[in-house]
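Here is what each chain is made of, one letter per residue.
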Amino acid sequence: MQYGAYSTDSLMTITSRPELVFERGEGSWLYDHQGKRYLDFIQGWAVNCLGHCPPEITAALTAQAGKLLNPSPAFYNGPMVELAGLLTANSCFDRVFFANTGAEANEGAIKLARKWGQLNRDGAFEIVTFGHSFHGRTLATMSASGKAGWDTIFAPQVSGFPKAVYNDIASVEALIGPKTVAVMLEPVQGEGGVIPADLEFLKALRALTAAHGILLIVDEVQTGVGRTGKLFAHEHAGIEPDIMTLGKGIGGGVPLAALLAREAICCFVPGDQGGTYNGNPLMTAVGVAVVQRMLAPGFLAEVEASGQYLSRCLLELSAKHGLQGERGSGLLRALILDDERGPDIVRRGLELAPTGLLLNAPRPNLLRFMPALNVSAAEIDQMIDLLDGLLKK
Ligand SMILES: *Cc1c(COP(=O)(O)O)cnc(C)c1O
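Residues numbered from 1 in each chain as written. Predicted model: local features only at pLDDT ≥ 70, side-chain atom pairs only at ≥ 80, totals over all residues. Heavy atoms only, no water.

Examining the packing of aromatic side chains
Stated formally: Whether two aromatic rings pair depends on their centres lying within 6.5 Å, for rings of Phe, Tyr and Trp, where Trp uses its six-membered ring; planes under 30 degrees apart make the pair stacked, over 60 edge-to-face, and the rest tilted. For helices the rule is a DSSP run of H or I covering at least 4 residues; for strands it is a run of E covering at least 2, with both sets numbered from the N terminus onward. Categorising residues by exposure relies on relative accessible area from a 1.4 Å probe, with only protein chains included: less than 20% of the type maximum marks a residue as buried, more than 50% marks it as exposed, and the intermediate range marks it as partly exposed. Note on geometry: a ring has a charge over it if NZ (lysine) or CZ (arginine) is within 6 Å of the ring centre and within 35 degrees of the ring normal.
Evaluated as defined, the whole model comprises five aromatic pairs. Taking the centre distance of 5.1 Å and the plane angle of 85 degrees together, the rings of Phe22 and Tyr38 count as edge-to-face. Residue Phe22 is located in strand 3 (residues 22-26), and its partner Tyr38 is located in strand 5 (residues 37-40); the two are separated by 16 residues in the primary sequence. Considering the side-chain rings of Phe130 and Phe201, the 5.9 Å spacing of their centres and the 80 degrees angle between planes classify their relative orientation as edge-to-face. With Phe130 in strand 7 (residues 126-130) and Phe201 in helix 7 (residues 199-212), the pair connects residues that are 71 residues apart, well separated along the chain. The pair Phe130 / Phe201 is uniform in exposure class, with both members buried. In this structure an aromatic cluster arises from ring pairing among Phe130, Tyr166 and Phe201. Just above the ring of Tyr31 sits the side chain of Arg24; from NZ or CZ to the centre is 4.1 Å. The ring of Trp29 has Arg37 lying over it, and the distance from NZ or CZ to the ring centre is 3.8 Å.

Examining unusual backbone geometry
Residue Ala155 is joined to Pro156 through a cis peptide bond whose omega torsion reads 0 degrees. Positionally, Pro156 belongs in the loop between helix 5 (139-144) and strand 8 (163-164). The step from Ala353 to Pro354 runs through a cis peptide bond, and the omega angle for that step is 5 degrees. Of note in the backbone geometry, His132 takes a positive phi value of approximately 70 degrees without being a glycine. The backbone of Val225 shows a phi angle near 55 degrees, a positive value even though the residue is not glycine. Looking at the secondary structure, you find Val225 in the loop between strand 12 (215-219) and strand 13 (243-246). Overall, the relative accessible area of 3% leaves Val225 in the buried class.

Quick look at the sheet that holds strand 15 (residues 326-329)
Quick reminder of the rule: If DSSP finds at least two bridges between two strands, the strands pair. Convention adopted: a line fitted to C-alpha atoms gives each axis, helices being fitted over their contacting stretch, and angles between N-to-C directions are expressed from 0 to 180 degrees.
Pairing in this open sheet of three strands is antiparallel, and the strands run 15-16-18 from one edge to the other. Whereas interior strands pair on both sides, the edge strands pair on one side only; in this sheet they are strand 15 and strand 18 (366-369). Each strand of the sheet is rotated relative to its neighbour by a mean of 15 degrees, with strand direction disregarded. Where strand 16 (residues 332-336) lies against strand 18, four bridges are found, and the strand directions are antiparallel.

Quick notes on the site of the ligand
Formally: The criterion for a residue being near a molecule or strand is simple. One of its heavy atoms has to lie within 4 Å of it. For this analysis, a polar contact is any N or O atom pair within 3.5 Å, provided that within protein one partner can donate a hydrogen and the other can accept it, and provided that sequence-adjacent residues contribute only side-chain to side-chain pairs. Computed with the Shrake-Rupley method and a 1.4 Å probe, the accessible areas treat only the protein chains shown as cover for residues. Classification convention: Asp, Glu, Lys, Arg as charged; Ala, Val, Leu, Ile, Met, Phe, Trp, Tyr, Cys, Pro as nonpolar; all other residues, Gly among them, as polar.
The immediate surroundings of the ligand are formed by Thr101, Gly102, Ala103, Asn106, Phe134, His135, Gly136, Glu186, Asp219, Val221, Gln222 and Lys248. The contact in question runs from an oxygen atom of the ligand to an N or O atom on the backbone of Ala103, over 2.8 Å. Between the ligand and the protein, one listed contact pairs an oxygen atom with a side-chain N or O atom of Gln222 at 2.8 Å. Contact with the protein chains hides 81% of the accessible area of the ligand, taken as 380 Å² for the molecule alone. Counting residues per element, the shell around the ligand draws most heavily on helix 4 (residues 102-120), at three residues. Looking at the shell around the ligand residue by residue, the class counts come to three nonpolar, six polar and three charged.

Describing the state of the cysteines
This is how the line gets drawn: Note on terminology: pairs of cysteine sulfur atoms within 2.5 Å are recorded as disulfides.
One pass over the structure, following the stated rule, counts zero disulfides. Take Cys92: it sits in no disulfide, and the sulfur closest to it among the cysteines is that of Cys266, at 12 Å. Overall, the relative accessible area of 18% leaves Cys92 in the buried class.

A word on the layout of surface pockets
Stated formally: Note on definitions: the grid is 1 Å and covers protein atoms alone; a cavity is a set of points where a 1.4 Å probe fits but cannot get out; a pocket is an open set with protein on both sides within 12 Å along at least five of seven lines; lining residues have an atom within 4 Å of a point. Grid points are joined across faces, edges and corners, and a volume is the space filled by probe spheres set on the points.
Here the second largest pocket defines a volume of roughly 820 Å³. When residues of the lining of the second largest pocket are traced back to their parent elements, those giving at least two are helix 3 (78-89), strand 6 (95-99) and strand 14 (257-261). Partitioning the lining of the second largest pocket into residue classes produces 19 nonpolar, six polar and three charged.

Regarding the nonpolar core
Condition: The term nonpolar core refers to a set of buried residues drawn from Ala, Val, Leu, Ile, Met, Phe, Trp, Tyr and Cys, joined through side-chain atoms within 4.5 Å. What marks off one domain from the next here is an automatic or database domain assignment. We call two residues in contact when some of their heavy atoms are within 4.5 Å.
Residues Val172, Met294, Phe369 and Leu387 are the most contacted members of the largest nonpolar core, which totals 74 residues. Residue assignment places this core across two domains, with domain 1 (2-54 + 298-392) and domain 2 (56-295) each supplying three or more. If we skip the residues at most four places from it in the chain, Phe369 touches Phe41, Leu310, Leu314, Leu331, Leu332, Arg333, Ala334, Leu335, Leu359, Met383 and Leu387. Ile127, Phe161, Val181 and Ala257 belong to the second largest nonpolar core, which has 24 residues in total.

Observations regarding the pattern of salt bridges
Stated formally: Here, a salt bridge means any side-chain nitrogen of Lys or Arg that lies within 4 Å of a carboxyl oxygen of Asp or Glu.
Scanning the model with the defined rule gives 14 salt bridges in all. The salt bridge partner of Arg341 is Asp338, with a shortest N-O separation of 3.1 Å. Residue class for Asp338 comes out partly exposed when judged on its relative accessible area of 33%. With its nearest N and O atoms 2.6 Å apart, the salt bridge here joins Arg347 to Asp344. Here Arg347 pairs with Asp344, and both are found in helix 10 (residues 342-351), just three residues apart, close to one helical turn. On the accessibility criterion, Asp344 (31% relative accessible area) is partly exposed. Residues participating in the shared-partner salt-bridge network are Asp344, Arg347, Arg348 and Glu351.

So, in structure tokens, the structure goes:
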């Protein structure tokens with residue numbers, strides 16, 4: 001499409017985008033180039049945890065932008081140290097490496113586990129991952145992912161990622177051998193269709209990996225930083241993993257990700273890991289603002305309550321339209337349809353006028369909801385109302 005003097009054809013096609021350009025956002029609302037507004041339950045794919053342009057992020061960005069953008073990753077900077085301190089003080093991990101994307105944080109986790117395996121497990125390098133998992137779009141993280149077709153699309157794969165069956169502990173045990181260094185999973189499979197790991201499965205995984213002397217890595221790129229009503233989703237199971245990755249929500253909309261590990265695992269030496277933008281103060285200042293908001297009294301309890309409310313509303317809608325129920329954790333939820341009309345509902349939601357609705361269908365029989373963590377009950381009601389209309393056949 002034409003946009004002012006320019007055409008969208010100048011962009012490489014990596015996804016099919018609707019014929020509109022978003023220009024402005026505020027809280028749960030987005031506005032396109034024609035001024036039409038949309039109720040946003042995608043939020044940049046669970047990224048904008050405080051909604052569009054929240055005042056604390058705008059303030060953190062503007063203050064930091066006038067002070068220091070990037071002294072180089074070879075030097076400490078204030079927000080980098082402060083955010084690492086906040087994360088380690090509020091988790092079971094001791095050290096943090098900052099990255100820019102979830103995939104990059106996961107690459108770091110894979111490298112750290114392999115290095116640890118060289119030093120402690122006789123060169124063991126295999127990381128057991130799961131069918132339908134999603135860990136990113138770099139070559140190694142695509143290989144770690146269990147998405148159908150990803151094993152051949154950019155062949156050859158990076159080797160060393162045998163796939164177990166999610167929520168099936170025996171399938172994991174069967175894959176553990178002398179070459180195994182770690183097990184890596186998402187506490188809730190997001191792209192796979194919002195499938196939560198059973199808490200008993202997570203506990204069993206912790207016990208199994210500990211018994212074999214191998215590492216447990218949790219990819220909390222989608223579930224971390226308040227999304228499930230706890231600061232980190234693995235806390236629901238009361239377990240302490242060895243390595244965790246964060247992305248999406250930690251940046252509240254800007255590119256920020258993190259790799260966290262317990263002291264005993266931190267075996268990188270200078271030269272092993274780095275990146276031009278890692279820990280830059282502009283992004284880490286935003287991370288500080290986000291984490292401080294999550295830690296404010298009552299914030300996470302409110303997320304938990306909103307998640308329960310959204311769950312109840314979706315269940316009612318499911319009963320009303322004869323659908324298959326709902327599932328999820330906190331404010332990462334899915335409505336399970338009775339057929340494959342997910343993409344059609346997403347398209348018609350976008351086209352609704354005067355108020356559009358932004359939803360996502362990670363699978364054709366599923367709608368995913370990942371609103372801002374501070375979404376109001378009134379906005380949830382409004383979403384349900386719009387969706388109710390879309391579900392009428
Ligand atoms: C989104 C996502 C990633 C990849 O993050 P990017 O920032 O897109 O690289 C990795 N793991 C999980 C669980 C995700 O949801």
